[in-house]
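Residue-level structural notes
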Amino acid sequence: MRVCIVGCGHVGLVTGACLAERGHAVLGVDADASRVALLRRGKVPFHEPGLDRLVARHRRSGRLRFSGSIAEGVRFGEVVFICVPTPPRPDGSADLSFVEHVSRSIARALPGYRLVCEKSTVPVNTCDQVRATIAKYARKGADFDVASTPEFLREGRAVEDAMKPDRVVVGVETPRAEKILRELFRPFGAPIVATDIRSAELIKHASNSFLALKISYANALAAVCERVGADVMNVTRGMGLDARIGPQFLSAGIGYGGSCFPKDVRAFEAISRQLGYDFALLREVERLNREARERFVQRVEQQLWIVKDKTVGALGLSFKPDTDDVRESVALAVVRDLAGRGARVRAFDPQAMEAARRELRGVRGVRFCRRAADVFARADCVLILTEWPAFAKLDYARLKSRMAHPTILDGRNLLDPEALRRLGYTYRGVGRG
Ligand SMILES: NC(=O)c1ccc[n+]([C@@H]2O[C@H](COP(=O)([O-])OP(=O)(O)OC[C@H]3O[C@@H](n4cnc5c(N)ncnc54)[C@H](O)[C@@H]3O)[C@@H](O)[C@H]2O)c1
């Protein structure tokens, strides 16, 4: 089938490349001319394992092309996916202005029947607005359907997730739309959950909020474990092996970040409130998340007594491993906080240095190191802020001698406490006795 993707970011580009890999012809459209130029040269604008190979392959196969024109995209694609940002507004609700803008542009370009799918994460009822907007701005009698096809990929594993999804959710209101989407997604071999549009929209917000809740639950457990000398890793392992609970996202640490969980929890809480339901649990999820980060910073303070003028090594700046994305990164928030208290922070990340530099421009006291080992130089303590697997493989025996005081505060429970203590480190994880 011929597909148009509007918004070639983490979701749109991955979706487009994976649809091309499954045999469809894709035209990716983006409003950022420099991004389109980059993609046309075969370059991928962010780090996502396996994506550059896929994009290169389908530039060659001719099944993946790029354009700056929505009109061209809508003429080309029988199905049009909206994959633009839905950032938070100050009150937590989703800013839908990008979605609205794209809906208007699609409306003006409709050449005949098109199926317009929202893939951006949006509050329930947004599809109604998309339908109304297209109907308002299109010529009279324009033929189109709208659908909700939420995306569940995880950055860092996006290609894998999009190629082999656990399920594909399609929210539709006509048999024609359902038939098209079943045909489009059949090659992925995943169960297709076909439902009404509102349920599909809710599935996305409900899923992300539930995953965030699991993380916050683990962080609250960690606080209890610390008070009784128990190890949260043992507790969550014992829980997670129960098939009704499952082990994933039950990780204590410094909290969740990224471009999705924080904004989606807030947006779900906001839309529930607008609908007249006080989803107080979601506010608590957020509070626990904030608390996890604050407890960690307090721990740094306890360790150093006075933070000012101390040298603190920071390993990890991206919001999670295998990405260069620093949007709402808790690691960056911790670095910013400690630098604000006068610490001299030596920071390193395998992929996110450039993005972090941009984000921390103007923050005094942060020095970016070329290698992970460099953050240990004369450090009073080193913090693990993102669980990059490479940080578990560092030569801690050798690095110890580079530190002023061999102390590691592990905000992601990445390292083996006993092994580090045997090497002579003062080590503290999160919720580990
Ligand atoms: N990043 C994730 O892991 C993830 C996962 C699932 C769902 N989502 C959701 O998908 C949506 C997109 O997120 P993302 O991470 O891909 O964002 P992103 O910022 O990586 O990419 C968005 C792209 O849209 C382009 N764009 C903005 N306005 C446009 C317009 N008017 N016309 C054409 N292109 C336009 C931008 O230039 C950018 O390339 C959001 O709603 C997000 O919540 C994200």
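Let us look at the structure shown here.

The rules behind the values
Residues numbered from 1 in each chain as written. Predicted model: local features only at pLDDT ≥ 70, side-chain atom pairs only at ≥ 80, totals over all residues. Heavy atoms only, no water. Near = heavy atom within 4 Å. Polar contact = N/O pair within 3.5 Å; in protein donor to acceptor, adjacent residues only side chain to side chain. Nonpolar A, V, L, I, M, F, W, Y, C, P; charged D, E, K, R; others polar. Pairing = 2+ DSSP bridges. Helix = DSSP H or I, 4+ residues; strand = E, 2+ residues; numbered from the N terminus. Axes fitted to C-alpha atoms, helices over the stretch in contact; angles between N-to-C directions. Contact = heavy atoms within 4.5 Å. Expected span 1.5 Å × (residues − 1). Patch = residues over 30% accessible without salt bridge, like charges linked within 9 Å, V, L, I, M, F, W, Y side chains within 5 Å. Areas by Shrake-Rupley, 256 points an atom, 1.4 Å probe, with all protein chains shown as cover. Salt bridge = Lys/Arg side-chain N within 4 Å of Asp/Glu carboxyl O. Lys, Arg positive; Asp, Glu negative; His and termini not counted. Charge placed at Lys NZ, Arg CZ, Asp CG, Glu CD. Buried < 20%, exposed > 50% of the residue type's maximum accessible area, 1.4 Å probe, protein only. Right-handed = clockwise from strand over helix to strand, strands pointing away. Parallel < 35°, antiparallel > 145°, perpendicular 65-115°, else oblique. Left-handed = near helix turned anticlockwise from the far one by under 90°. Core = buried A, V, L, I, M, F, W, Y, C linked by side-chain atoms within 4.5 Å.

Neighbouring the ligand are 27 residues; H10, D30, T86, E155 and K263 lie closest to it. At a separation of 2.8 Å, an oxygen atom of the ligand approaches a polar side-chain atom of H10. Within the side chain of K263, a nitrogen or oxygen atom sits 2.6 Å from an oxygen atom of the ligand. For the shell around the ligand, a count of residues per class yields eleven nonpolar, eight polar and eight charged.

Spatially, six strands are ordered β11-β10-β9-β12-β13-β14 in an open sheet, and the strand pairing comes out parallel. Where the open sheet ends on each side, the last strands, each with one partner, are β11 (366-368) and β14 (426-428). Strand-to-strand twist of the sheet, defined as the mean angle between neighbouring strand axes without regard to direction, takes the value 20°. Here three bridges tie strand β12 (residues 381-384) to strand β13 (residues 407-410), and the two strands are oriented parallel to one another. Each bridged residue has a counterpart across the sheet, and for L383 the counterpart in β13 is L409. The sheet contacts of helix α12 (residues 280-304) involve β9 (311-315), β12, β13 and β14, and relative to β13 the element is tilted by about 170°.

Okay, helix α9 (residues 197-228) next. Between its first and last C-alpha atoms α9 spans 47 Å; for 32 residues at 1.5 Å apiece the expected length is 46 Å, and the two agree. Where α9 begins, the capping side chain belongs to D196, and its oxygen is found 3.3 Å from the backbone nitrogen of R198. Where α9 ends, the next residue or the one after it, G229, has phi of about 75°, a positive value.

Right, let's talk about a positive patch on the surface for a bit. A cluster of like positive charges, contributed by R41, K43, R59 and R60, occupies part of the molecular surface. Looking at the secondary structure, you find K43 in the loop between α2 (33-40) and α3 (51-61).

Burial analysis of β9 places five of its five residues in the buried class, the great majority of the element. Residues of β9 alternate between two faces, with T311, G313 and L315 on one and V312 and A314 on the opposite face, all of them buried. Pairing of β9 with strand β10 (residues 344-348), which is carried by five bridges, proceeds in the parallel orientation. Each bridged residue has a counterpart across the sheet, and for V312 the counterpart in β10 is V345. Tracing the backbone out of β9, into helix α13 (residues 330-340) and back to the parallel element β10 gives a crossover that is right-handed. Across four bridges, the pairing between β9 and β12 is parallel. What sits directly across from V312, in β12, is C381.

Looking at where T236 falls in the secondary structure, it is placed in helix α10 (residues 232-240). Taking the relative accessible area as the measure of exposure, T236 reaches 10% and is therefore buried. Engagement of the side chain of T236 in a polar contact is seen with the backbone oxygen of M233, the distance being 3.4 Å. If near-sequence neighbours (up to four positions away) are discounted, T236 is found in contact with A218, L221 and L250.

Direction vectors running N to C along helix α11 (residues 261-274) and α12 enclose 155°, while the axes themselves pass 9 Å from each other. Comparing the axis directions of α11 and α12 gives the class roughly antiparallel. The hand of the α11/α12 crossing is left-handed. The residues of α12 that touch α11, namely those facing V265, R266, F268 and E269, are L282, R283 and E286. Across the contact of α11 with α12, the residue classes break down as three nonpolar, no polar and four charged.

With that settled, the discussion passes to the nonpolar core. Counting 52 residues, the largest nonpolar core has L315, L338, F376, L383 and Y396 as the members making the most contacts within it. In terms of residues, this core owes the most to one element, α13, which gives seven residues. Non-local contacts of F376, meaning those with residues more than four positions away in its chain, are made with L315, V382, L394, Y396, L399, R402, M403 and Y425. F46, L51, L64 and I180 belong to the second largest nonpolar core, which has 41 residues in total.

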